[in-house]
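Observations on the model geometry
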Amino acid sequence: MRTAFYISDGTAITAEVFGQALLTLFPTKFEHVTIPFVETAEMAEQVKQRINDRYKTTGERPLIFQTFVDDNLRQIINHSNGVCYDFLHSFIEPVQRELGVDPVPKTHRTHSIHEQTYDFRIDAVNYALANDDGSNLKNYDQADIILIGVSRSGKTPTSLYLALQYGIKAANYPFVEEDMEQLRLPEVLKRNKNKLFGLTITPERLHHIREQRRANSRYASLRQCQLELNEVERLYQQEHIPFLNSTHLSIEEISAKIIAKTGLKRRKY
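Summary of the structure given here. (Residues numbered from 1 in each chain as written. Predicted model: local features only at pLDDT ≥ 70, side-chain atom pairs only at ≥ 80, totals over all residues. Heavy atoms only, no water.)

1. A closer look at a nonpolar patch on the surface
So the rule is basically this: The patch calculation keeps residues exceeding 30% relative accessible area without a salt bridge and links them within 9 Å when they carry like charges or within 5 Å when they are nonpolar (Val, Leu, Ile, Met, Phe, Trp, Tyr). With residues, only the protein chains shown are counted as cover, and all accessible areas are computed by Shrake-Rupley using a 1.4 Å probe. We define a salt bridge as a side-chain nitrogen of Lys or Arg found within 4 Å of a carboxyl oxygen belonging to Asp or Glu. Counting from the N terminus, the helices are the DSSP runs of H or I reaching at least four residues and the strands are the DSSP runs of E reaching at least two.
On the surface, a nonpolar cluster with roughly 410 Å² of combined accessible area is contributed by Phe91, Val95, Leu99 and Val101. Its place among the elements puts Leu99 in helix α4 (residues 87-99).

The following block contains the structure:
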């Protein structure tokens, strides 16, 4: 098994995201090691030794994905026994040539409290928590989007991801068993119909998820799952509500598809 290090003088989130995205293309098993906030030469030397020790132990050069702003720290890691891939410095020169502007290196520029979208993201997370699962209908007029669907179809985690990553205020509303006999949109949803986005899922997957929560219950039965999904999807079609099947999608993929389908934008100042 090869080792992949993700190292930065910041959070290392960028190195981790880019590195793991690349490695998913290769049918090889990796041990992933993330080391953020390597901010001094002493810390960089310790990390370098850690990389060298791994090389001695395994006999294979670790892959190093790094995003250092500080050139001295970057050079220390580059002199390790790992194979270094530097995302930032690979693109700085061509972007500099195109823009005609010199870069101004600064640590903690991304993924920090100084990021312009930070306040929007915190407000959006607070909103998503306060308006989860139909618990606070009076604030739906403030929503950027309202996710609807049966219980356990992915509404809550998607709402929180949209808030945290995009600063989007996402409420969500569940359709429950009691709604199924005469399923219709409540008045608060009718009033905000242009904000509605539906989630659905296969009955088998929903059954599996619900079984983990309430095993051998009517709520988790395959028949009940099928009934609820049939009714909800019929409602989506009748009301012309856009919807997405979440069965084989991660929360990241669901969120990205919602953004693409609705045209919602990341919140900025």
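2. Examining the packing of aromatic side chains
Selection rule: In this scheme Phe, Tyr and Trp rings, the latter by its six-membered ring, pair at centre separations within 6.5 Å, and the angle between planes marks the pair as stacked below 30 degrees, edge-to-face above 60, and tilted otherwise. Relative accessibility thresholds used throughout: buried, under 20% of the residue-type maximum; exposed, over 50%; partly exposed, between the two (1.4 Å probe, protein chains only). Charge-over-ring contacts are defined here by two conditions on Lys NZ or Arg CZ: a distance within 6 Å of the ring centre and an angle within 35 degrees of the ring normal.
Going through the model one piece at a time under the given rule, you end up with four aromatic pairs. Ring geometry for Phe65 against Tyr85: centres 5.3 Å apart, planes inclined by 20 degrees, an arrangement best described as stacked. Of this pair, Phe65 sits in strand β3 (residues 63-66) while Tyr85 sits in strand β4 (residues 83-86), and the two are 20 residues apart along the sequence. Residue classification places Phe65 among the buried positions, given a relative accessible area of 2%. You can call Tyr85 partly exposed: its relative accessible area is 38%. One aromatic cluster is present, built from ring pairs that chain together Tyr6, Phe65 and Tyr85. Over the aromatic face of Tyr219 sits the side chain of Arg210, whose NZ or CZ is 4.3 Å from the ring centroid.

3. A look at the sheet that holds strand β6 (residues 170-175)
The criterion, for reference: When DSSP finds two or more bridges between a pair of strands, those strands are recorded as paired. Simply put, an axis is a line fit to the C-alpha atoms, just over the touching stretch for a helix, and the angle between two N-to-C directions goes from 0 to 180 degrees.
Here four strands make up an open sheet; going across it, the order is β6-β5-β7-β8 and the pairing parallel. Two strands lie at the open edges of the sheet, namely β6 and β8 (243-245), each paired on one side alone. When the angles between neighbouring strand axes are averaged without regard to direction, this sheet yields 25 degrees.

4. Examining helix α6 (residues 155-166)
A turn of α-helix holds 3.6 residues, and therefore any two residues three or four places apart point the same way. Short version of the rule: Every helix has an expected span of 1.5 Å times one less than the residues it contains. Throughout, the arc means the angular range of directions from the helix axis out to the C-beta atoms. Contacts are assigned to residue pairs that have any heavy atoms within 4.5 Å of one another.
When the terminal C-alpha atoms of α6 are compared, their 16 Å separation across twelve residues agrees well with the 16 Å that a helix rising 1.5 Å per residue should span. Those residues of α6 lying buried are Lys155, Thr158, Ser159, Leu162, Ala163 and Tyr166. Buried residues along α6 cover an arc of 135 degrees about the axis, so they all sit on one side. Where the residues of α6 are buried, they touch α5 (118-130), β5 (145-150), β6, β7 (196-200) and α10 (251-262). Gly167 sits one or two residues past α6 and shows a positive phi near 70 degrees.

5. Structural notes on unusual backbone geometry
In this model, Arg152 sits at a positive phi of 75 degrees, which is unusual for a non-glycine residue. As for its placement among the helices and strands, Arg152 is situated in the loop between β5 and α6. Here Arg152 falls in the partly exposed class, since its relative accessible area comes to 39%. With phi around 55 degrees, His240 is a residue other than glycine that occupies positive phi space.

6. Observations concerning the pairing of β7
Put simply, side chains in a regular strand alternate between the two faces of the sheet. Burial analysis of β7 places five of its five residues in the buried class, which makes it a mostly covered element. Side-chain alternation along β7 places Leu196, Gly198 and Thr200 on one buried face and Phe197 and Leu199 on a second face that is also buried. As paired strands, β5 and β7 are joined by three bridges and run parallel to one another. Looking at β7, one finds that Ile146 is bridged to Leu196.

7. Describing the packing of α5 against α6
In plain terms, the rule: Here the angle decides the label: under 35 degrees means roughly parallel, over 145 means roughly antiparallel, 65 to 115 means roughly perpendicular, and every other value means oblique. By the definition used in this description, the sense in which the near helix is turned from the far one sets the handedness, with an anticlockwise turn below a right angle giving left-handed and a clockwise turn giving right-handed. Ten residue types, Ala, Val, Leu, Ile, Met, Phe, Trp, Tyr, Cys and Pro, are classed as nonpolar, four, Asp, Glu, Lys and Arg, as charged, and the remainder, Gly among them, as polar.
Across the interface, α5 lies against α6 with an axial gap of 7 Å and an inter-helix angle of 165 degrees. For the element pair α5 / α6, the angle class is roughly antiparallel. In this structure, the crossing between α5 and α6 has a hand that is right-handed. Within the contact between the two elements, α5 uses Arg121, Ala124, Val125, Ala128 and Leu129 and α6 uses Ser159, Leu160, Ala163, Leu164 and Gln165. In the contact of α5 with α6, the residues fall into seven nonpolar, two polar and one charged.

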